[in-house]
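Per-entry structural report
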Amino acid sequence: NNYKKRFPENFLWGGAVAANQCEGAFDVDGKGYSVIDILSFGDNSKKLKTMSSQDVENALQDKEGYFPRRDGIDFYHHYKEDIAMFADLGFKVFRFSIAWTRIFPNGDELQPNEKGLQFYEDVIDECLKYGIVPLITISHFEMPLNLVTEYGGWLNRKLITFYTRYCKVLFERFGHKVKYWLTFNELNLITLSGYMLGGILSDKVDNMIEAQYQAAHHQFVASSLATKIARETNDNILIGAMLGRDEYYPLTCKPEDVMQSIQDSRFELFFSDVQVRGYYPSYSKRYFEEHNIHIKKELGDDEIIRSYTVDFLSFSYYSTSVSAYDREGMETTDGNGVITVKNPHLKASKWGWQIDPIGLRIALNNLYDRYQIPLFVVENGIGMLEEIPDDKYIQDDGRIQYFREHIKQMGEAVKDGVELMGYTPWGCIDLVSSGTSEMEKRYGFIYVDKDNYGNGTLQRYPKKSYYWYKKVIASNGEKL
Ligand code: BG6
């Protein structure tokens, strides 16, 4: 069998979720509002780009709209049942995030909220009980709303202090139990949503692109300082960066298209370049000049970024994009936060995201060629519209096919020599979509009975892919 023994014995198979999309209980046990709690169902892709102070005010006053993330799938009260299913699946690792607003409800308190800490202590202990290793994202699209309205989000340097205080609390409390941490989820998406990732309101800035990079600069410094704190607290801890990755294929071999693909790629890789290599890449100088971007740095920032780079690079991978120098008149389709020229060689999900297993091998090889540090695929998967039949058994062969092909290609990348730590498919249990706030864009091996409007029993049901993935894990990726 050509595919035998692809993965190392200690390969971390598992699944991934984020607090804001699964926990619910948004106002329980002292939790404050996060940026994402105020997004109602339906219209958030536009809002994520242009959220203003007035939009925030309107959302806070809105008593009619439905806000799916406030309920999530109520993981807050179902975590024992859910983790028991993950254990049954054979998970070696479970990626989840901590809601900053459970620990510091307004973000600027001096003392943490014990009830929030206790909840995560319970979740961590529940994982450890089954031998599941936690992989924790410290900030996954869920910064405290108060830091946006009172401080202007990550544009304000004070956020570095608030964030590192939050990290210190987490490392001191959980550092002896949790080895793997990611500082920010998909930091590069700040260029697509200054609100969600940077807490930037559109009416507060003149040059949004400049503001996004300024906020990112503060996050780079904060991430490096967090790494410093982690190392001082417990030298067992490993810190990862998290990149939302699309590979960019040139539409043709025309040099203009090839150059465009390099530029599109750099637009994402800028973020991992800084966090892995420890300095701003030379190509950023020209981009900043041409977009009137002037980053305010303080003395010592560059040194901090250089001294505390990440230990590993994690990334999400859903699809690939196509770069064309001239997109005029071309058919386009959606991807994870991007709109790309259509690739005629690929099929797409119902949401237009192009399905490209070989693209995962390409992404892994390119990232490893660029950085030579361990990689971790912390998101991958396909959103599907699924109805639960009378026998409650969803036969999601399309999802099985998707994962089979991606895991094969991941195995090829390992054989190519890529150092790969693990694989955590996204939304291992159905949860609220980030891009559209839909519940019915389902990614899970486990179905959750809930619809877009909050109706449903919240009952969990294993899908066919659940039993398939269980075998994949048990055979360490050999039985596909
Ligand atoms: C990633 C995010 O960008 O993509 C997740 O880290 C998100 O939070 C996932 O859910 C899939 O995107 P969507 O829009 O289908 O939920």
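Remember, predicted model here, so these are calculated numbers, not experimental data.

**Observations concerning the overall build of the protein**
Tallying secondary structure elements over the protein gives 17 helices and 12 strands in all. Expressed as lengths along the three principal axes of its C-alpha atoms, the size of the protein is roughly 60 × 55 × 50 Å. A burial count over the protein gives 51% of its 480 residues as buried.

**Some thoughts on the nonpolar core**
Judged by nonpolar contacts, the single largest core of 132 residues is most densely connected at F94, I98, W181, L313 and L364. Residue contributions to this core peak at 11 residues, all from helix α11 (residues 208-233). Beyond its immediate stretch of four places on either side in the chain, I98 contacts A19, I103, Y120, I136, I138 and L170. If you look at the next biggest cluster of nonpolar residues, it comprises 5 residues, including Y249, L251, V322 and A324.

**Focus on the sheet that holds strand β10 (residues 420-423)**
The strand order around the closed barrel built from 8 strands is β1-β2-β3-β4-β5-β6-β9-β10, with neighbouring strands paired in parallel fashion. Direction aside, neighbouring strands of the sheet carry axes that sit 35° apart on average. Across 2 bridges, strand β1 (residues 12-16) lies against β10 in parallel orientation. Of the residues in β10, the one forming a bridge with L12 is G422.

**Points about the packing of helix α16 (residues 397-415) against helix α17 (residues 464-474)**
The N-to-C vectors of α16 and α17 enclose an angle of 25°; their axes lie 8 Å apart at closest approach. Classified by the interaxial angle, the pair formed by α16 and α17 is roughly parallel. Between α16 and α17 the crossing geometry is right-handed. Contacts between α16 and α17 involve D397, R399, I400, F403 and I407 from the first element and K464, S465, W468, Y469 and V472 from the second. Of the residues that constitute the contact of α16 with α17, the class distribution is 6 nonpolar, 1 polar and 3 charged.

**What to know about the environment of I136**
When you line up the elements, I136 lands in strand β3 (residues 133-137). Classification of I136 as buried rests on a count of 20 C-beta atoms within 10 Å. I136 sits 94 residues away from G42 along the chain, and the two C-alpha atoms are 28 Å apart. Beyond its immediate stretch of four places on either side in the chain, I136 contacts F96, S97, I98, V178 and W181.

**Details of the site of the ligand**
Lining the immediate environment of the ligand, one finds 15 residues, of which N336, G383, S433, S434 and G435 sit closest. The residue inventory of the shell around the ligand, partitioned by class, reads 2 nonpolar, 10 polar and 3 charged.

**Re the confidence of the model for the protein**
Within the protein, residue pLDDT values average 96, and 98% of them lie at 70 or more. Mean pLDDT per element in the protein: helix α2 (residues 44-50) is the minimum at 72, and strand β2 (residues 93-97) is the maximum at 99. Two summary scores accompany this predicted model of the complex, namely pTM at 0.97 and ipTM at 0.99.

**Regarding helix α5 (residues 75-89)**
With 15 residues, α5 extends only 18 Å from end C-alpha to end C-alpha; this falls clearly short of the ideal 21 Å at 1.5 Å per step. Where α5 bends most, at E81, the angle is about 35°. Restricting attention to buried positions, one finds in α5 the residues F75, Y76, H78, D82, I83, F86 and L89. The inward-facing, buried residues of α5 contact β1, α1 (19-22), β2, α7 (114-129), β12 (460-462) and α17. A positive phi of about 95° marks G90, the residue just after α5.

**A few points about helix α15 (residues 357-371)**
Between its terminal C-alpha atoms α15 stretches 22 Å, which fits the 21 Å expected from 15 residues at 1.5 Å a residue. P357, G359, L360, R361, A363, L364, L367 and Y371 are the residues of α15 that are buried. For α15, the secondary structure elements touched by its buried residues are β5 (238-250), α12 (255-277), β6 (312-323), β9 (375-379), α16 and β10. Following α15 by one or two positions, Q372 has its phi on the positive side, about 50°.

**Details of the UniProt feature "active site" (unreviewed entry) in the protein**
Those residues carrying the UniProt feature "active site" (unreviewed entry) are E379 in this numbering. Relative to the helices and strands, E379 resides in strand β9. Apart from residues no more than four positions distant in its own chain, E379 is found in contact with A16, S316, Y317 and W426.

**Some remarks on the pairing of β9**
For a regular strand, the rule is simple: side chains alternate between the two faces of the sheet. Of all 5 residues making up β9, 5 are buried, and the element is well covered by its neighbours. Here β6 runs beside β9; their pairing, made up of 4 bridges, is parallel. The residue of β9 that forms the bridge with L313 is L375. In terms of strand pairing, β9 meets β10 through 2 bridges, oriented parallel. Each residue of the ladder has a partner; that of L375, found in β10, is L420. With α16 bridging β9 and its parallel neighbour β10, the resulting β-α-β unit is right-handed.

**Regarding unusual backbone geometry**
When glycine is set aside, most residues are seen to have a negative phi, and most peptide bonds are trans. The backbone of D29 sits at a positive phi, close to 55°, despite the residue not being glycine. Structurally, D29 is set in the loop between α1 and α2.

**Side note on the pairing of β6**
In terms of burial, β6 is largely enclosed, as 11 of its 12 residues are buried. Here 10 bridges tie β5 to β6, and the two strands are oriented parallel to one another. Note that in β6 the partner of P250 across the bridge is S323.

What counts and what doesn't
- Residues numbered from 1 in each chain as written.
- Predicted model: local features only at pLDDT ≥ 70, side-chain atom pairs only at ≥ 80, totals over all residues.
- Helix = DSSP H or I, 4+ residues; strand = E, 2+ residues; numbered from the N terminus.
- Buried ≥ 20, exposed ≤ 12 C-beta atoms within 10 Å, placed from the backbone.
- Core = buried A, V, L, I, M, F, W, Y, C linked by C-beta atoms within 7 Å.
- Contact = placed C-beta atoms within 7 Å.
- Pairing = 2+ DSSP bridges.
- Axes fitted to C-alpha atoms, helices over the stretch in contact; angles between N-to-C directions.
- Parallel < 35°, antiparallel > 145°, perpendicular 65-115°, else oblique.
- Left-handed = near helix turned anticlockwise from the far one by under 90°.
- Nonpolar A, V, L, I, M, F, W, Y, C, P; charged D, E, K, R; others polar.
- Near = placed C-beta within 6 Å.
- pLDDT = per-residue confidence, 0-100.
- Expected span 1.5 Å × (residues − 1).
- Bend = angle between axes of the 7 residues up to and from the residue.
- UniProt positions renumbered as here; feature names shortened; annotations may be inferred.
- Right-handed = clockwise from strand over helix to strand, strands pointing away.

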